[in-house]
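Understanding the architecture of this molecule
The primary structure of each chain is shown beneath.
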Amino acid sequence: MSHRRARTSPRRPRGRRAVLLSAATVLVIGSGVAALAATSKDHPAPHAAEPAASTPTGTDTMPAPGDSASASPSASASASGSASPSASPAPSGSAAASASGSAPAPTRNAAPAAKPGTAPATFTGLAFDTCTAPALATMTAWHGTSPYGAAAVYIGGKNRGCAQPQLTAGWVSSVNSIGWKLVPLYVGAQPPCQTGSSPEKITADTATTLGTSDGNDAVAKAAALGMRAGSTLYLDIEAYNTADTGCADAVLAYTQSWNRAVHNSGYWAGFYGFASSSAAGIAQAAGAPDLPDALWYARYDGAADTTGSFPFAAGLYTGHRRAHQYQVNQKESYGGAALTVDRNAWDAPVAVVG
């Protein structure tokens, strides 16, 4: 989804800039999937779960990435139908390789960070993302008239591609008060083997230190917008060749370091990536420390769900920790306001505002 400066794929021909636009996902589960089709106006109202009561600091309030035992009944349905990673269409023109490449070696040179002491707020329904945060008038027009209940916004990162004149603390507060849930996305440093040019790239030597500084920057950007501790921040890593083990190892080390920095500031860590490459690298690293708490995968199959479309092991990221970007570049109009958006099925954590 990432709307960032360097295009690794020509799939997003919005005439806005030379950026790769990849989008976000929204989880819709069970029998509500059909009713939540993005083009339908006959849909049930999305709902969001509020943060749970505070628990002792350091308590892991989310299941481990490979643990499905503690998944809620609705989320545990994800085990019913998983697809092969190779079935996911790679973005056209990208350097993505099959997810069958060798798994990255876990980075274990730092102690795992304590998780935030409060369970994350989650949202289940449809979400959209677009490169520039829409005007407040558009968000007002879309609320209640569109099938969406959440929107992803690009809060920072040196590879963020679009200006954000609307994205202020006042905008976040107003949009939240209307009833929208927000998904903060940070376009971090990109893989060293990725095609195209990016203002910030990972190297084997800088992966850990860069992950820490970027994680701290993501927290600062979120806090300045009024997204407080307990929010989940999503790191955007674009397509790369997972068969390049040196590249994959650097990406994993960077991601783990970014996650530790985010956790140490009381935020949850999410990850956005392609089902055929960057998200696959995270799935293949299951069992390593400091992995993301939620996985947002891009797989353009038109399936507005996070169960049958989930391309990895069925036990991974259950319990309201999955999102699926299933369509991109969709022009839609609600309440007299038009936007071109990417569509997401969401059943995962979101920001906590206020």
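Residues numbered from 1 in each chain as written. Predicted model: local features only at pLDDT ≥ 70, side-chain atom pairs only at ≥ 80, totals over all residues. Heavy atoms only, no water.

1. Overview of the packing of aromatic side chains
Given two aromatic rings, one states the distance between the centres and the angle between the planes to describe the pair. Taken as a whole and judged by the stated rule, the model has 13 aromatic pairs. Centroid distance F128 to W180: 5.7 Å. Interplanar angle 85 degrees. Geometry classified as edge-to-face. Separated by 52 residues along the polypeptide, F128 in strand 2 (residues 122–129) and W180 in the loop between helix 4 (169–178) and strand 4 (181–187) bring together distant segments of the chain. W180 carries the same exposure label as F128, and that label is buried. Where W142 meets Y334, the ring centres are 4.9 Å apart and the plane angle is 85 degrees; that geometry is what we call edge-to-face. With W142 in helix 3 (residues 136–142) and Y334 in strand 8 (residues 322–334), this pair connects stretches of sequence that are 192 residues apart. Each member of the pair W142 and Y334 is classed as buried. One aromatic cluster in this structure is built from F128, W142, Y148, W180 and Y334. The residue whose ring lies beneath R322 is F310, and the NZ or CZ to ring-centre distance is 3.5 Å. (Phe/Tyr/Trp six-rings, centres within 6.5 Å; stacked < 30°, edge-to-face > 60°. Helix = DSSP H or I, 4+ residues; strand = E, 2+ residues; numbered from the N terminus. Buried < 20%, exposed > 50% of the residue type's maximum accessible area, 1.4 Å probe, protein only. Lys NZ or Arg CZ within 6 Å of the ring centre and 35° of its normal.)

2. Here we look at the environment of Q190
Within the secondary structure, Q190 sits in the loop between strand 4 and helix 5 (207–224). A polar contact of 2.8 Å, which involves the side chain of Q190, links it to the backbone oxygen of G188. (Polar contact = N/O pair within 3.5 Å; in protein donor to acceptor, adjacent residues only side chain to side chain.)

3. Observations concerning the environment of A114
Inspection of the secondary structure assignment puts A114 in the loop between helix 2 (73–76) and strand 2. When the C-alpha atoms of A114 and S265 are compared, they prove to be 9.8 Å apart, with 151 residues separating the residues in sequence.

4. Structural notes on helix 5
Helix length check: helix 5 (18 residues) gives 25 Å between terminal C-alpha atoms against 26 Å at 1.5 Å per residue, within 8%. Along helix 5, the residues classified as buried are A207, L210, G211, D214, G215, A218, V219 and A222. Packed against the buried residues of helix 5 are strand 3 (148–156), strand 4, strand 5 (232–236) and helix 6 (245–264). Once helix 5 ends, the next one or two residues include G226, with phi positive near 90 degrees. (Expected span 1.5 Å × (residues − 1). Contact = heavy atoms within 4.5 Å.)

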